[in-house]
Amino acid sequence: MTGFRRTATAAAALAFTAAATAVFGFAGPASAHVTVNPKEATQGGYARLAFRVPNESDTASTTKLEVVLPENAPVGSVSTMPVPGWTVTTEKRKVDPPIEVHGSQLTEAISKITWTAAGDAGVKPGQFQEFPVSLGPLPQVDSMVFKTLQTYSDGNISRWIDEPAPGAEEPDHPAPVLTLAAAATPAGSTAPTAAVASPDDDGDDDGNGLAVGLGVAGLVAGLAGLVLGGLAFARTRREPVAKA
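These numbers come from a predicted model, not from an experiment. (Residues numbered from 1 in each chain as written. Predicted model: local features only at pLDDT ≥ 70, side-chain atom pairs only at ≥ 80, totals over all residues. Heavy atoms only, no water.)

Draft legend 1. Here's a closer look at the overall build of the chain. The helix and strand inventory of the chain stands at 2 helices and 12 strands. Helices (α) and strands (β) of the chain occur, in sequence order from the N terminus, as α-β-β-β-β-β-β-β-β-β-β-β-β-α. Looking at the 244 residues of the chain, the share that counts as buried comes to 25%. Of the contacts formed within the chain by residues at least 6 apart in sequence, a portion of 70% connects residues at least 24 apart. (Helix = DSSP H or I, 4+ residues; strand = E, 2+ residues; numbered from the N terminus. Buried < 20%, exposed > 50% of the residue type's maximum accessible area, 1.4 Å probe, protein only. Contact = heavy atoms within 4.5 Å.)

Printed below as a string of structure tokens:
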């Protein structure tokens, strides 16, 4: 009987653990990967983004972050915001065809941004850091994939470079993805369709129609006057002339 109770207790414990895992996600550490925030922007516009970098190591700090801009979606203007304790460098590459930005043709674009911690400024275990960037004009594509390398003080490197596949589960090391939506058409910006006039339709038609209408009305009035006059004359002839 005692063995049965132990078995039942163990089974109940396993069931509780499974339920807790399903509801609260207790089984195993959560995957805190590098992300870009916000996750959506508009094509043709400018966006202020932040690459959010959590530290997944229990013993080492994050000391370097390398973000590669997608080759198939070059951006003409890229600027970074200072992060205390970190230095930033950029690399460029040739682009063909050139990028048009405010009427200028650019033949080079930023291809990579690297942040490096100075001194003890690395992202410590249990912490995260954001690295702000301004980009624009954003290209006419559905999304931008930023392959990212996260280097730790012990030499380990987390490679967040896996691109998402439509309909598939999230990869083990997903790259940050920015979804781009088409710019909305401003209300009332659609020009109304103009009516096409035939060659015979011109401004003189209105004047000619009015003149014809007035002429017909005058003719009808004249005929009515003649009829009334004739009736009056006939009536006068039928009446006897009074004698003096």
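Draft legend 2. Looking closely at the sheet that holds strand β6 (residues 86-101). In spatial order, the strands read β6-β7-β4-β10-β11; together these 5 strands make up an open sheet with antiparallel pairing. On the outer flanks of this sheet lie β6 and β11 (157-160), each paired with one strand and no other. Averaged over all pairs of adjacent strands, the angle between their axes in this sheet comes to 15°, without regard to strand direction. (Pairing = 2+ DSSP bridges. Axes fitted to C-alpha atoms, helices over the stretch in contact; angles between N-to-C directions.)

Draft legend 3. A look at the pairing of strand β4 (residues 62-68). Bridge count between β4 and strand β10 (residues 147-152): 6 bridges; the pairing is antiparallel. By the bridge assignment, Glu66 is partnered in β10 with Leu149.

Draft legend 4. Region of the structure containing the confidence of the model for the chain. Per-residue pLDDT for the chain averages 77, and the proportion of residues at 70 or more is 63%. Residue range residues 7-30 is modelled with pLDDT below 50. Its contacts to residues more than four positions away, or to other chains, number 5 contacts. Low pLDDT (under 50) marks residues 231-238, which in the prediction has 0 contacts with non-local residues, meaning those over four places away or in another chain. (pLDDT = per-residue confidence, 0-100.)

Draft legend 5. Representation of the environment of Ser57. Considering the arrangement of structural elements, one finds Ser57 in the loop between β3 (47-54) and β4. Through-space distance from the C-alpha of Ser57 to that of Gly126 is 8.1 Å; in sequence the pair is 69 residues apart. Within the structure, the side chain of Ser57 is placed 3.2 Å from the backbone nitrogen of Thr59, a separation counted as a polar contact. In terms of polar contacts, Ser57 uses its side chain to reach the backbone amide nitrogen of Ala60, at 2.9 Å. (Polar contact = N/O pair within 3.5 Å; in protein donor to acceptor, adjacent residues only side chain to side chain.)

Draft legend 6. A look at the pairing of strand β8 (residues 128-136). Sheet topology note: the β3/β8 ladder contains 8 bridges and is antiparallel. Residue pairing in the sheet places Leu49 in a bridge with Val133 of β8. Two elements, strand β5 (residues 77-80) and β8, share 4 bridges in a ladder whose sense is antiparallel. Opposite Ser79, over in β8, you have Ser134 as the bridge partner.

Draft legend 7. Looking closely at the nonpolar core. If you look at the biggest cluster of nonpolar residues, it comprises 28 residues, and the most contacted ones within it are Phe51, Trp115, Leu135, Met144, Phe146 and Leu178. For this core, the secondary-structure elements that each account for two or more residues are β3, β4, β7 (104-117), β8 and β12 (177-181). Setting aside its immediate chain neighbours within four residues, Phe146 contacts Phe51, Val67, Val68, Leu69, Pro70, Leu135, Trp160, Ala175, Pro176 and Leu178. (Core = buried A, V, L, I, M, F, W, Y, C linked by side-chain atoms within 4.5 Å.)

Draft legend 8. The sheet that holds β12, seen in detail. The 3 strands lie next to each other as β2-β12-β9, forming an open sheet whose pairing is mixed. The open sheet has two edge strands with one neighbour each: β2 (40-42) and β9 (143-145). Recorded for the sheet is a direction-independent mean angle of 25° between the axes of neighbouring strands. Across 3 bridges, β9 lies against β12 in antiparallel orientation. Residue Ser143 lies in a different strand from β12, and its bridge partner there is Thr179.

Draft legend 9. Main features of the packing of aromatic side chains. Enumeration over the complete set of coordinates arrives at 3 aromatic pairs. Taking the centre distance of 4.9 Å and the plane angle of 80° together, the rings of Trp86 and Phe131 count as edge-to-face. Note that Trp86 is positioned in strand β6 and Phe131 in strand β8, a separation of 45 residues in sequence. Looking at Phe131, the relative accessible area reads 0%, which means it is buried. (Phe/Tyr/Trp six-rings, centres within 6.5 Å; stacked < 30°, edge-to-face > 60°.)

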